[in-house]
Amino acid sequence: QGPVGNLDATGKLQLWDVTTGVEITNRSLFDWTDVPLIAPGANRETFFTATPTGNINEWHFADGTPGRSVKAEAEPNSLAVSPDGVHVAISNWLGAIVLWELGSDQPPARKVLAESSKLVGFGPDGPLISLKSEVMFDDVLNIQLWDMKLENQLRSFPTRSWQISSVAVNQAGTHLAAGLY
């Protein structure tokens, strides 16, 4: 058991110890104007947030102190962290996917797809991106697995849905589940 966290629409972070119920921290991280974006870090020891101004920050569950950070050039609409905690990625409302290797001096990988594209998580080999298209008046949502440099689409998983709410990949990276509607 460990801490549980809450990031509300005003940018206030609260962390509690799950076993005792004691509040660890309660503070405002930043002014928020949209739906909070939060994603777990590696080993569930940290978590990441993304602000509408493009600030992507890592936070430690133990005490709420900040860790690594990167800056995106546009407002993100999605945030994901690789299972090993080495990469963090966002998508934005313009259809761009941006992926950083944390701790590296390399510029982020960037791929512009359609406005309907959205980062939905990480698979075993790279980011998972949803991309919607219309075929004969029928929405088709493809979940695409890309490499870590965003240069090659590795696999595509077509669905007959118009939106994705969440994805989960098993620890071995061999199975994908998607919440679709």
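Above this text you will find the structure in question.
Presented here is a report on the structure given in the accompanying data block. Treat the numbers as computed from the prediction; the structure is a model and nothing was measured. (Residues numbered from 1 in each chain as written. Predicted model: local features only at pLDDT ≥ 70, side-chain atom pairs only at ≥ 80, totals over all residues. Heavy atoms only, no water.)

For the chain, the helix and strand inventory stands at zero helices and 17 strands. Within the chain, contacts between residues at least 6 apart in sequence are counted, and of these 27% link residues at least 24 apart. Element-wise, carbon and sulfur atoms account for 51% of the exposed surface of the chain, whose accessible area totals about 9,800 Å². (Helix = DSSP H or I, 4+ residues; strand = E, 2+ residues; numbered from the N terminus. Contact = heavy atoms within 4.5 Å. Areas by Shrake-Rupley, 256 points an atom, 1.4 Å probe, with all protein chains shown as cover.)

The sheet built from four strands is open, its strands ordered β8-β9-β10-β11 with antiparallel pairing. The sheet is open, and its two edges are formed by β8 (76-81) and β11 (109-112), each paired on a single side. Going from strand to strand, the sheet's axes swing by 15 degrees on average, the running direction of each strand aside. Bridging between strand β9 (residues 87-92) and strand β10 (residues 96-101) involves five bridges; their strand directions are antiparallel. Bridging across to β10, Ser91 finds its partner in Ile97. (Pairing = 2+ DSSP bridges. Axes fitted to C-alpha atoms, helices over the stretch in contact; angles between N-to-C directions.)

A word on the packing of aromatic side chains. This structure, assessed with the given rule, holds one aromatic pair. Between Phe47 and Phe61, the ring centres sit 4.8 Å apart and the planes meet at 45 degrees, which makes this aromatic pair tilted. Within this pair, whereas Phe47 is found in strand β5 (residues 46-50), its partner Phe61 is found in the loop between β6 (55-60) and β7 (66-71), the two being separated by 14 residues in sequence. Owing to a relative accessible area of 14%, Phe61 belongs among the buried residues under this scheme. (Phe/Tyr/Trp six-rings, centres within 6.5 Å; stacked < 30°, edge-to-face > 60°. Buried < 20%, exposed > 50% of the residue type's maximum accessible area, 1.4 Å probe, protein only.)

Time to look at unusual backbone geometry. Non-glycine residue Leu150 carries a positive phi angle of around 60 degrees. Here Leu150 lies in the loop between β14 (138-146) and β15 (153-159). Under the relative-accessibility criterion, Leu150 is labelled buried at 3%.

Quick look at the pattern of salt bridges now. For the structure on display, the rule yields three salt bridges. Where Glu58 meets Arg68, a salt bridge forms, and the shortest distance between an N and an O atom there is 2.9 Å. A residue pair is termed long-range when its members are at least 10 positions apart, and Glu58 in strand β6 and Arg68 in strand β7 qualify at 10 residues. A relative accessible area of 6% places Glu58 in the buried class. Close ionic contact of Glu73 with Arg110 constitutes a salt bridge, the shortest N to O distance being 2.4 Å. In this pair, Glu73 is assigned in the loop between β7 and β8 and Arg110 in strand β11, connecting sequence segments 37 residues apart. (Salt bridge = Lys/Arg side-chain N within 4 Å of Asp/Glu carboxyl O.)

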